[in-house]
Amino acid sequence: MRVPLSWLREYVDLPAGESGRDVAAKLIGLGLEVETVDRLGADLKGPLVVGQVLAVEELTEFKKPIRYCQVDVGDANGTGEPQNIVCGARNFEEGDKVVVILPGGVLPGGFEIAARKTYGKTSEGMICSARELGMGDDHDGIIVLPIEAEVGADAIELLGLVDEVLDIAVTPDRGYCLSLRGVAREAAIAYGIPLRDPALLDVPAANAYGYPVAVDDADGCRRFVARTVIGIDPSAPSPLWLQRRVQMAGMRPISLAVDITNYVMLEIGQPLHAYDRARLDGTITVRRAHVGEKLRTLDGVERTLDREDLLITDASGPIGLAGVMGGATTEIGIDTTDIVIEAANFDPVAIARTARRHKLGSEASRRFERGVDPEAARAAAQRAVDLLVLLGGEGAVAEAGVTEVDAPREPVRIGIAADHPARVAGVPYAPETVAQRLQEVGCTVEGIDALTVTPPTWRPDLTDPNDLAEEVIRLEGYDAVPSVLPQVPAGRGLTAGQRLRRRVGRALAAAGYYEVLDYPFVGDAVFDDFGLDASDPRRMTVKLVNPISDEEPGLRTTMLPGLLGALRRNVGRGNTDVALFEGGLVFHPKAERPVAPRLPVDRRPTDAELASLAAALPEQPYHVAAVLAGQREPSGWWGAGRPASWADAVEAARTVAAAAGVELTVRQGQYAPWHPGRCAELVVGDTVVGHAGELDPRVVKALQLPERTCAMELNLDALTAGLEGGEKHAVSGHIGSFPIATQDVALVVGAEVSAAAVEAALREGAGALLESLSLFDVFTGEQIGEGRKSLAYALRFRAADRTLTVEEATAARDAAVALAAERTGAVLRGA
């Protein structure tokens, strides 16, 4: 909301020396967000005067039309002689009054004016446009003043070019401040001075002679006031003062009727709409839209309406989106003489949904969304009628008919203890101070110790005792509330889950992965790119009511979409060797979705209430995922590099499992979006906790990723489900003082046998003397037969209390081989 200081002074007698910055400081102290104070005309210097064009000579010898004008500026130039001025504008004629800046003047931006020769003539000043004077962006032509403007008069004062404008960011709970009336009320409180309320007008009572109106949806329209003015001169212009105020408030002057409705909206806060009565067809009706109805709005767009849209209609059909934008069929035209003024109060939720549904925000919808004072409708309509009669020409007359359709509602009454604000803020407030402050914001207060408070109609945000306490605290001054740190009991440090997540992050970072944080939102398109079946549970997402993007309305069920997007962006910007990881929650909807309860704000929720809230939430397991592409080991003088492969993704999973203190079993699997033949299934016990490997080439192509991109994803909660407290404490390994006995074995097994199965059998068979086991070679070929493969393992044996003999190490190796042969059909190679 842009508030000109000169306009604000009409409603409050601010101290004479108060600047815009002083007023802004006062309003900020009351909690308003004053973003800037614009000093209009601060660098404008006269003489800037009213001139009258006496003669115009067309200079035709140039590429563009140029005019050489003689302009009477009275005695402003000190001689009384006409000024000769070169001008390229075409929108004025001989006899018109214009704005002239004379030599020695300075325009906004530091543009100094001097007599100079141009186009073969000497130009003694400049005839100014609105943009050159800092009044707006209109540069189509110069300003043509009303004929009654006095030649030689000071145009700076006439046009109100010097002023200060407060730019206030109005929060949703302070919709009343989207008006001069609301801001003036705050200023009056801040300075402790009376308010001249512009809505305090004598308004005639409703009668049966007004324009007929019917409200079919009383919930959507709480009040509808209609007034009529006839005999308006269609050519009557908006006066300069009105145009200038509308401009300074950030709106563009259009025509008298439109400017007046905008002016009253800015002044009182009640949006208005003007209809050409000649274009109305019968009774004005407020109702919801019917299926298939359409409306061409004032912006020229034909819109298909939704059944929830609140409409203004007549016998011909829809003529406006209520509270958002009017229709083109009843628009005020250049020949309009009779106008019907609408001042209505609409449901904030209905207007907000309509504006968002049609992507059609307007100054009116901004106000209705935040709540408009229903009692202001009568005064706003009366104010608009008065201005139309005053400025609409000699024949403009207000009809006696007054239409008012009202759906009365019981006023809100709030009980509050007089000491409640003091208990909330920790600052003593006397009961009389509490009552006074609440009365200053417009409340009716009854009682002494136990107060009954009726908020004013322009404050729909005041609904409970804490709202009233906030009003008292902010008016008494937030700076008066002491900063006292609460006494916090000694903490217990990080939880087991927090320690685990940090340990996992450090382990992956040490392995060369960079952590990223992605948005947790997904759309169906990425699941199509992943090649997921229609029945895949990852397609079942929790949908957001108000998503940031309509293309990604769901919460993620897997970490990979965000990570792969980050990888693609890095590669696109020249970072071709990428290894990223992320840990975070994924969200799976429950089969039953109970409605979440509304928790109280005046007390701590009960355990049952918290349990019901938790039951309404989706399942939220914690996942860790990693992606990598390009070179895993760089090339250099030491030799060739090594590209990232599926094995690196598996190793990342092992790194996470090791940090969690869990033994991870790796076996072959198939799971989209991984390559069918290069996907590892990650298992703890009998539970699948994740997958790793190379992505499917079709997924790589669809997502525009580098070839052979690899990825890993683990459910960290499932990985550590069997651990006490969710973690296993790391224990440093014992350094043996006795030598190691190493035994190598090469086992031939069927191609379908997994290395994990062979490894598990070897570990179990080798017994307690086995310190470590590693696979160091996989071989296939004619030597071992078709459908067979050779797996070579290095087994390291050590005893804690003695040096092992060859016989002991060999016996342990033979036992391991025997169990592997029994379980997997393994045969010693060469045997």
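Scroll up to find the structure.
Criteria and cut-off values
Residues numbered from 1 in each chain as written. Predicted model: local features only at pLDDT ≥ 70, side-chain atom pairs only at ≥ 80, totals over all residues. Heavy atoms only, no water. Helix = DSSP H or I, 4+ residues; strand = E, 2+ residues; numbered from the N terminus. Rg over C-alpha atoms; globule rule 2.2 N^0.38 Å. Buried < 20%, exposed > 50% of the residue type's maximum accessible area, 1.4 Å probe, protein only. Contact = heavy atoms within 4.5 Å. Arc of directions from axis to C-beta. Pairing = 2+ DSSP bridges. Axes fitted to C-alpha atoms, helices over the stretch in contact; angles between N-to-C directions. Salt bridge = Lys/Arg side-chain N within 4 Å of Asp/Glu carboxyl O. Core = buried A, V, L, I, M, F, W, Y, C linked by side-chain atoms within 4.5 Å. Lys, Arg positive; Asp, Glu negative; His and termini not counted. Parallel < 35°, antiparallel > 145°, perpendicular 65-115°, else oblique. Left-handed = near helix turned anticlockwise from the far one by under 90°. Nonpolar A, V, L, I, M, F, W, Y, C, P; charged D, E, K, R; others polar. Expected span 1.5 Å × (residues − 1). Phe/Tyr/Trp six-rings, centres within 6.5 Å; stacked < 30°, edge-to-face > 60°. Lys NZ or Arg CZ within 6 Å of the ring centre and 35° of its normal.

A. Quick look at the overall build of the protein chain. A count of helical and extended segments in the protein chain gives 21 helices and 42 strands. The C-alpha radius of gyration computed for the protein chain amounts to 39 Å, which surpasses the reference 28 Å derived for 831 residues by more than 25%, pointing to a less compact arrangement than a globule. With the C-alpha coordinates aligned to their principal axes, the bounding extent of the protein chain is approximately 125 × 80 × 55 Å. Burial statistics for the protein chain: of 831 residues in total, 46% are counted as buried. A fraction of 70% describes how many contacts in the protein chain between residues 6 or more apart in sequence connect residues 24 or more apart.

B. Seen up close, helix α2 (residues 20–29). Along α2, the residues that are buried comprise G20, V23, A24 and L27. One side of α2 holds all its buried residues, which, seen down the axis, span an arc of 100°. Where the residues of α2 are buried, they touch α1 (5–8), β2 (33–40), β13 (163–169) and α4 (180–191). A positive backbone phi angle near 100° is found at G31, which sits one or two residues after α2.

C. Just the sheet that holds strand β40 (residues 770–779), in detail. Spatial strand order, β40-β41-β39-β42: four strands in an open sheet with antiparallel pairing. Each edge of the open sheet carries a strand with a single partner, namely β40 and β42 (827–828). Two strands pair when backbone bridges link them, and strand β39 (residues 741–750) and β42 are joined in this way by two bridges, in the antiparallel orientation. Counterpart to L747 in the pairing with β42 is L828. On the sheet, helix α20 (residues 755–766) packs against β39, β40 and β41 (788–797) and is oriented at approximately 35° with respect to β41. Running over the sheet, helix α21 (residues 806–824) touches β39, β41 and β42 and is turned about 15° from β39.

D. Structural detail: the side chain of T330. Following the sequence through the fold, T330 ends up in the loop between β22 (325–326) and β23 (339–346). On the basis of relative accessible area, T330 is assigned to the buried category, the value being 0%. Ignoring any residue separated from it by four or fewer positions in sequence, one finds T330 in contact with A274, Y275, D276, R279, L280 and I319.

E. Examining the pattern of salt bridges more closely. Considering all chains together, one arrives at 55 salt bridges under this definition. Notably, a salt bridge pairs E681 with R667, separated by 2.7 Å at the nearest N-O pair. Of this pair, E681 sits in strand β36 (residues 674–684) while R667 sits in strand β35 (residues 665–668); the two residues are 14 residues apart in sequence, bridging distant segments of the chain. Here D696 and R698 are joined by a salt bridge, their closest N and O atoms 2.9 Å apart. Shared partners join several salt bridges into a network, and the residues in it are R174, E186, R459, D461, E471 and R474.

F. Inspection of the nonpolar core at higher detail. One finds L8, L27, L166 and I260 to be the most contacted residues of the largest nonpolar core, which totals 61 residues. It is helix α9 (residues 376–391) that provides the largest number of residues to this core, a total of ten residues. Not counting residues within four places of it along the chain, the set of residues in contact with L166 comprises M1, R2, V3, L5, G20, V23, A24, L27, V34, T36 and V37. Counting residues in hydrophobic clusters, the runner-up holds 31 residues, among them A626, A652, L664 and A692.

G. Local environment of the pairing of strand β32 (residues 622–629). The buried fraction of β32 amounts to eight of the eight residues, a majority that puts the element mostly inside the structure. Side chains Y622, V624, A626 and L628 project from β32 onto one buried face, and the interleaved H623, A625, V627 and A629 project onto a second face that is buried too. Where strand β31 (residues 578–585) meets β32, eight bridges bridge the pair, whose relative direction is antiparallel. Across the sheet, residue L585 finds its bridge partner in β32, namely Y622. Taken together, the six bridges between β32 and strand β38 (residues 710–715) define a ladder with antiparallel strand orientation. Considered in β38, the bridge of A626 is made with M712.

H. Region of interest: the side chain of R244. Secondary-structure assignment places R244 in helix α5 (residues 240–248). Despite its burial, R244 remains without a salt bridge, the nearest opposite charge being carried by D163 at 6.9 Å.

I. How the structure looks around the packing of α5 against helix α6 (residues 256–268). Closest axis-to-axis distance for the α5/α6 pair is 10 Å, and the angle between their directions is 55°. Between α5 and α6, the crossing angle belongs to the class labelled oblique. In this structure, α5 crosses over α6, and the sense of that crossing is left-handed. Contact residues: W241, L242, Q243, R245 and V246 in α5; D259, I260, Y263 and L266 in α6. For the contact of α5 with α6, a count of residues per class yields six nonpolar, one polar and two charged.

J. Summary view of α6. Between its first and last C-alpha atoms α6 spans 18 Å; for 13 residues at 1.5 Å apiece the expected length is 18 Å, and the two agree. Summarising burial for α6: twelve of the 13 residues are buried, a large majority. Buried within α6 we find L256, A257, D259, I260, T261, N262, Y263, V264, M265, L266, E267 and I268. One or two steps after α6, the chain reaches G269, where phi turns positive at roughly 95°.

K. Layout of the sheet that holds strand β24 (residues 397–406). Strand order in the open sheet formed by four strands is β16-β23-β15-β24, and the pairing between neighbours is antiparallel. Each edge of the sheet is formed by a strand with only one pairing partner; in this case those strands are β16 (273–276) and β24. Shown here is a sheet whose adjacent strand axes are inclined to one another by a mean of 20°, direction ignored. With four bridges connecting them, β16 and β23 associate as antiparallel partners. Among the inter-strand pairings, Y275 is bridged to a residue of β23, identified as V340.

L. Unusual backbone geometry, seen in detail. In the segment running from G46 into P47, the intervening peptide bond is cis, with an omega of 10°. When you line up the elements, P47 lands in the loop between β2 and β3 (48–59). Each neighbour pair has its own omega, and for A672 with P673 the value is 10°, a cis peptide bond. Examined against the element boundaries, P673 turns out to sit in the loop between β35 and β36. Even without being a glycine, K359 presents a positive backbone phi close to 50°. Tracing the chain through its elements places K359 in the loop between α7 (348–357) and α8 (363–370). Overall, the relative accessible area of 68% leaves K359 in the exposed class.

M. Representation of the packing of aromatic side chains. Under the definition given, this model contains seven aromatic pairs. Ring geometry for F62 and Y119: centres 4.9 Å apart, planes at 80°, overall edge-to-face. Of the two residues, F62 is situated in the loop between β3 and β4 (66–72) and Y119 in the loop between β9 (116–118) and β10 (121–123); the sequence distance between them amounts to 57 residues. Residue classification places F62 among the partly exposed residues on the basis of a relative accessible area of 28%. These aromatic residues form a ring-pair network of at least three members: W7, W241 and Y263. Across the ring face of Y191, the terminal group of K26 is positioned such that the distance to the ring centre comes to 5.3 Å.

In short, the description is geometric, and any link to function would need to be established separately.
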